[in-house]
Structures are given as structure tokens and as C-alpha cells.
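# Structural overview for review
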Amino acid sequence: RQWCSTARQAAWRGSVNEGPRPPMAPRLQALVLVACAVLCAGLDASGSGRLRPKSFIQNPAVKQTLRVCNAYPFTSALDVYMQGGSVQLNRRPLVYKDCQDYKPSLHAGDRVDFKVGDASAGTFTISDLPQGDALMLLVIYRHDQASTAVAFQSHVFAPVQATQVAVFDTYKGPVQSELRIQDHADAATPASGVAHVNASARSEVLRYDSVVAIDSGAYELALTGPSDGKVHATSEFVALPKESYVMIRCGVASEDGVAYPEDIFVYPRSPRSALSFAARGRALNLAVAIVSAFAFASVL
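Residues numbered from 1 in each chain as written. Predicted model: local features only at pLDDT ≥ 70, side-chain atom pairs only at ≥ 80, totals over all residues. Heavy atoms only, no water.

## Comments concerning the pairing of strand E1 (residues 64-71)
The buried fraction of E1 amounts to eight of the eight residues, a majority that puts the element mostly inside the structure. Pairing of E1 with strand E7 (residues 134-142), which is carried by eight bridges, proceeds in the parallel orientation. Among the inter-strand pairings, Val68 is bridged to a residue of E7, identified as Leu138. With five bridges joining them, E1 and strand E4 (residues 98-102) adopt antiparallel strand pairing. Bridged to Cys69 within E4 is Cys99. (Buried < 20%, exposed > 50% of the residue type's maximum accessible area, 1.4 Å probe, protein only. Helix = DSSP H or I, 4+ residues; strand = E, 2+ residues; numbered from the N terminus. Pairing = 2+ DSSP bridges.)

This is how it looks when you write it as C-alpha cells:
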């Protein structure tokens, strides 16, 4: 049986003159005007004097989250701004190999600016937005080995119940690696606390630039050479139900400046303790399927 199956998918009336009236004290006049305004606001527009019923049709509140991941190899952290640099989104520095979630008010045409100190690092322009609730992912990384220019990748997670994983390759250098996911070697349960080696651990390749759905559980990730199987980097991955994750291969073999080794990082980093006893004890079924996804265009 094929362990990993894929299926690609391609986004407001008049006035009456009754003659002159004696002047009214200013404070009393203001109170009368306020009372009239309150009364008239609740009357039917036809003037019949009936109270206007409150509408039961309301626009639903849209919950949109912007997740920004820093895959740009640099010693200094990034700061994230919007509204022409007047609003800073991050409360703590966004360091290399980390992600943060923000909840700004987003509109088509908005710009997300990245800075290192006072220096501009790059700008991403939002060309379109989903209509409903959404988790929007934005990854900033190194454009190439020769320059310090940035590039972006983006994705909008589909509103589904499955655990989703977006896989990106931002590494710049000569090393070739594939990303493999396999059952976790430690199959200990909270009841016994005894670990044993899983001799039948299954392993499958996760394709870059794809989005997959996966069962909750504990897994191991490895960047391996496609021909010799040599392990270049590893990471633990705990998948919780209904969560959206990003896996990013990062690093750069810079032609001028500091080189950063090939690595893999996952966000969010869910703890194994969050997995229920049932989720740890049952047989793992890694039926992986491509989830429909779409990206909002970027401007470098």
C-alpha cells in the first residue's frame, strides 16, 4: 500500500415653519435636542411613531491571522511594520528560524515592511485577501548566495479540520537534500514510561512547495542526501489535531559573508505532552494528501 498519496489542486425630511417662538435657555435647548434625537432614532422611518425593530442580520466578524516566519540567515533580528512603518507588529525581535503570529487589520494593497534596526530589509505587498477566517503565512528568506536581497513565499491555509503542514525550501547553496518524515523512534507511553525502538518505522518524502494533511502524532524529520541517504539535519515534529504548521529548510552558503549551515525548523513547536494518551497509543496512519491552497502575490 502506498503510504503517501498526493493529488495536486491548483483562491441616509422636511421642515415645518410654525412661526417665531420665545427663546429657550441654552442648556434646556440642548437637553431637548438630545431627547428628540434619541426618540427619533428609534422611530420607524415612515413617521408612524412605531419603534424600529433591531435587525437580526449582522455581518460576521472575520478572524484573520498573519503568521510571519524569518528564514533569512542573519545575526540581527527583524522588525515587522505596517501602515508605512508607523505600526510595529512584533513585540519581541523576530530572530532567524522563528515565526510569530499577528492579528492586524488587513486590506488588499497593504504593505508589510521588514527592517533591521533603521535599515529597510524588504517589503511585501498584499494583492488580495480571503473573504472569511484565515491563517495567512508569509516567509522571508535569502534571495540568492551572492547578494543580501530578500525574497518571499506566501500561503493561505485552507479552513479544514485536518492537521495541515506547509513545506518550503529556502536554502541557498550547493547541497541537495530531501525532507523525510517518519514515525518517532521513541514509542513510550505515559502509563509505562518505557521507550522502545520502532523497528518498522515508516519513512516518506515530503515534497517542497506543497501543503499536506497529516494525522496527529509524534514524528521525526530528517534532511537527507537524495543519493547517499546521509543525514544533514534532524528535527522532532509533534502534530496536534486541527493545527496548521510550517516546515522550512533554511541556510545559505554565502559567497560573501557568513555562511549558515543547512537546517530545518518547524512552527509552531508543539510539546509531546499535548498529545493525548489515545493519540500516542494508536497505530499511526500517515495518509498524506495535498490540501487546496492559494498564495497572495508578493512584491520584492
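## Some details on the packing of aromatic side chains
What the rule picks out here adds up to six aromatic pairs. Each ring, one from Tyr96 and one from Tyr260, has its centre 5.6 Å from the other, and the planes form 75 degrees; the classification is edge-to-face. Here Tyr96, found in the loop between strand E3 (87-88) and E4, pairs with Tyr260, found in strand E16 (residues 260-267); they are 164 residues apart in sequence, far enough to count as distant. The residues Tyr96 and Tyr260 share a single accessibility class, namely buried. Among the aromatic side chains, those forming a connected cluster through ring pairs are Phe114, Phe124 and Phe152. Over the ring of Tyr81 we find Lys115, and its NZ or CZ is 5.0 Å from the ring centre. (Phe/Tyr/Trp six-rings, centres within 6.5 Å; stacked < 30°, edge-to-face > 60°. Lys NZ or Arg CZ within 6 Å of the ring centre and 35° of its normal.)

## Observations regarding the sheet that holds E1
If you trace the four strands from one edge of the open sheet to the other, you get E4-E1-E7-E8, paired in mixed fashion. A single partner strand is all that each edge strand has here, and the edge strands are E4 and strand E8 (150-157). Strand after strand, the sheet turns through a mean of 20 degrees between neighbouring axes, direction not considered. (Axes fitted to C-alpha atoms, helices over the stretch in contact; angles between N-to-C directions.)

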